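Residue strings, one per chain:
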Amino acid sequence: MSTPHPDAGHLPEATGLALKTVQAHVEPQEVTLYAAWWCPYAQRVWITLEERGIPYQYKEVNPYEREPHFMAINPRGLVPAAEYKGQALTESLAIVEFLEDAYPSHAPHVLPADPVARARARVWTDIANKTVVPAWFRLVMATGDDAAAQAARREELYAGVRALMAEAAVDGPYFLGEQFSTVDVALAPFVARDFVLAAHRGYERAEAGERWVRYARALEERKSVRETFSDKDRVMKSYARYLSNEAQSEAAKAFRVGKAF
Ligand SMILES: N[C@@H](CCC(=O)N[C@@H](CS)C(=O)NCC(=O)O)C(=O)O
């Protein structure tokens, strides 16, 4: 046996509303979602499947255990992964877009129908993923040992959020307006987890502006987001190694040194 991954100690299954959703998706289907209940990237795909009413089977995987059956599906060892008619798919946002292409008759869609609006939605999804998400991780890893560095990380997150919200539909409630889109799918799991930042990192939604406050509330209240989210105390515990800045996930290692992931 090789040495266990230091981040492998996650509880084995979802709780709360997410557990009910898991239990409703045990039968084999055309799509299999390989997810970890605590993973925000996996939640993106899970939200999309729920939003769009696409039949799927949910399979819980702890990516840090590097189980051979899962490594055969995603050799990078990351969740989420999906199987569609026996073919492997990886990367949360690519899977979300794949579901748009493979299930055109399943409404609602998470990309607008108009090609120009679609292209813009993709741009803002990419920007959210490359600015807000890394800043979110850097703040959660910014321990209180260096108060100035932690404050700088907070500012980095607020600045990313403010820049994004300056481009959002004024009334919302979602980024593009009435339609819940890929921009929202990309961000919702991180918004749902921002109580970790509020409890431990002095983060306040209001610091990023009134539009963000309204947006964050709309995202966390969305049915598909709530029904793919476990109990908050369990989610909080899943961040212990990030809060002590010990996490050795690929994302943690990349974001810590300012690399894209
Ligand atoms: N860019 C990937 C990121 C996925 C990712 O980092 N997943 C984490 C769990 S939230 C993982 O599987 N980590 C295992 C590892 O780092 O070894 C995506 O969007 O799907």
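Given the structure is predicted, the values throughout are model-derived calculations rather than measurements.

> Would you mind showing me how to read the site of the ligand here?
In the vicinity of the ligand, 16 residues are found, and the nearest of them are Cys-39, Arg-66, Val-79, Ser-92 and Glu-250. Between the ligand and the protein, one listed contact pairs an oxygen atom with a side-chain N or O atom of Arg-66 at 2.8 Å. Between the ligand and Ser-92 there is a distance of 2.6 Å, counted from an oxygen atom to a side-chain nitrogen or oxygen. Summarising the interface, the protein chains cover 95% of the accessible area of the ligand, which totals 520 Å² for the free molecule. The residue inventory of the shell around the ligand, partitioned by class, reads 10 nonpolar, three polar and three charged.

> What should I look at first to understand the sheet that holds strand E4 (residues 87–90) in this one?
Strand pairing in a sheet takes place through backbone hydrogen bonds and is either antiparallel or parallel in direction. With respect to topology, four strands assemble into an open sheet ordered E2-E1-E3-E4, the strand pairing being mixed. Each edge of the sheet is formed by a strand with only one pairing partner; in this case those strands are strand E2 (56–60) and E4. Strand-to-strand twist across the sheet, computed as the mean angle between neighbouring axes with direction ignored, equals 25°. In terms of strand pairing, strand E1 (residues 31–35) meets E2 through five bridges, oriented parallel. Its bridge partner lying in E2, Thr-32 is registered against Gln-57.

> I keep staring at the nonpolar core and nothing clicks. Help me out?
The nonpolar side chains of a soluble globular protein tend to be buried, and buried together. Phe-137, Val-140, Leu-157 and Tyr-242 are the most contacted members of the largest nonpolar core, which has 81 residues in total. The element contributing the most residues to this core is helix H5 (residues 115–140), with nine residues. Here this core spans two domains, and each of domain 1 (16–102) and domain 2 (115–256) adds at least three residues to it. Not counting residues within four places of it along the chain, the set of residues in contact with Leu-157 comprises Val-132, Ala-135, Trp-136, Leu-139, Leu-197 and Tyr-203.

> What am I meant to see in the packing of aromatic side chains here?
Each aromatic ring pair is summarised here by two numbers: the centre-to-centre distance and the angle between the ring planes. Under the definition given, this model contains 19 aromatic pairs. Seen from their ring centres, Trp-124 and Phe-175 are 6.1 Å apart, and the 45° between their planes marks the pair as tilted. With Trp-124 in helix H5 and Phe-175 in the loop between helix H6 (147–165) and helix H7 (182–192), this residue pair connects regions lying 51 residues apart in the sequence. For Phe-175, a relative accessible area of 2% corresponds to the buried category. Each residue in the set Tyr-41, Trp-136, Phe-137, Phe-190, Tyr-239, Tyr-242, Phe-255 and Phe-261 is aromatic and connected to the rest through ring pairs, giving one cluster.

> I'm lost on the pattern of salt bridges in this one. Help?
Any two side chains of opposite charge can pair if their charged atoms end up close together. With the rule as written, the count across this model stands at 14 salt bridges. Between Arg-76 and Glu-91 there is a salt bridge whose closest N-O contact spans 2.9 Å. Taken together, the positions of Arg-76 in the loop between helix H3 (68–73) and strand E3 (81–84) and Glu-91 in the loop between E4 and helix H4 (92–102) put the pair 15 residues apart, joining distant regions of the chain. Arg-76 gets classed as partly exposed once you look at its relative accessible area, which sits at 47%. The closest approach of N and O atoms between Lys-130 and Asp-126, which form a salt bridge, is 2.9 Å. Of the two residues, Lys-130 and Asp-126 are both situated in helix H5; the distance of four residues between them amounts to about one turn of the helix. With relative accessibility at 33%, the residue Asp-126 sits in the partly exposed group. One network of salt bridges, in which partners are shared, links Arg-138, Arg-153 and Glu-156.

> What is the right way to read unusual backbone geometry from this model?
Both trends apply: most residues other than glycine have a negative phi, and most peptide bonds are in trans. The omega angle of the peptide bond from Val-79 to Pro-80 is 5°, so this bond is cis rather than trans. With respect to the helices and strands, the residue Pro-80 is situated in the loop between H3 and E3. Here the residue pair Gly-172 and Pro-173 is connected by a cis peptide bond, since its omega of 10° sits within 30 degrees of zero. Following the sequence through the fold, Pro-173 ends up in the loop between H6 and H7. Phi angles above zero are rare outside glycine, and Lys-85 is one such case at about 50°. Looking at the element boundaries, Lys-85 is found in the loop between E3 and E4.

> Looking at this structure, I do not really get the domain arrangement of the protein chain. What am I missing?
One frequent convention defines the size of an interface as the accessible area lost when the parts assemble. Taken domain by domain, the protein chain holds domain 1 (16–102) and domain 2 (115–256). Each of domain 1 and domain 2 has a C-alpha centre, and these two points are 21 Å apart. Across the interface of domain 1 and domain 2, roughly 2,300 Å² is buried in total on both sides, 56% from carbon and sulfur atoms. Considering only the side of domain 1, the residues that lose the most area to domain 2 are Trp-37, Gln-43 and Arg-44, jointly responsible for 24% of the buried surface there. Our enumeration of links across domain 1 and domain 2 arrives at two salt bridges. For the pair domain 1 and domain 2, the interface holds 11 residue pairs in polar contact (both at pLDDT 80 or more). Sorting the residues of the side of domain 1 that touches domain 2 by element identifies helix H1 (16–23), helix H2 (40–52) and H4 as the ones contributing at least two each. By residue number, the principal contributor to the side of domain 1 that touches domain 2 is H2, which donates nine residues. Counted by class, the side of domain 1 that touches domain 2 contains 13 nonpolar, four polar and six charged residues.

So, how was this worked out
Residues numbered from 1 in each chain as written. Predicted model: local features only at pLDDT ≥ 70, side-chain atom pairs only at ≥ 80, totals over all residues. Heavy atoms only, no water. Near = heavy atom within 4 Å. Polar contact = N/O pair within 3.5 Å; in protein donor to acceptor, adjacent residues only side chain to side chain. Areas by Shrake-Rupley, 256 points an atom, 1.4 Å probe, with all protein chains shown as cover. Nonpolar A, V, L, I, M, F, W, Y, C, P; charged D, E, K, R; others polar. Pairing = 2+ DSSP bridges. Helix = DSSP H or I, 4+ residues; strand = E, 2+ residues; numbered from the N terminus. Axes fitted to C-alpha atoms, helices over the stretch in contact; angles between N-to-C directions. Core = buried A, V, L, I, M, F, W, Y, C linked by side-chain atoms within 4.5 Å. Buried < 20%, exposed > 50% of the residue type's maximum accessible area, 1.4 Å probe, protein only. Domains from an automatic or database assignment. Contact = heavy atoms within 4.5 Å. Phe/Tyr/Trp six-rings, centres within 6.5 Å; stacked < 30°, edge-to-face > 60°. Salt bridge = Lys/Arg side-chain N within 4 Å of Asp/Glu carboxyl O. Buried area = accessible area lost by both parts, 1.4 Å probe.

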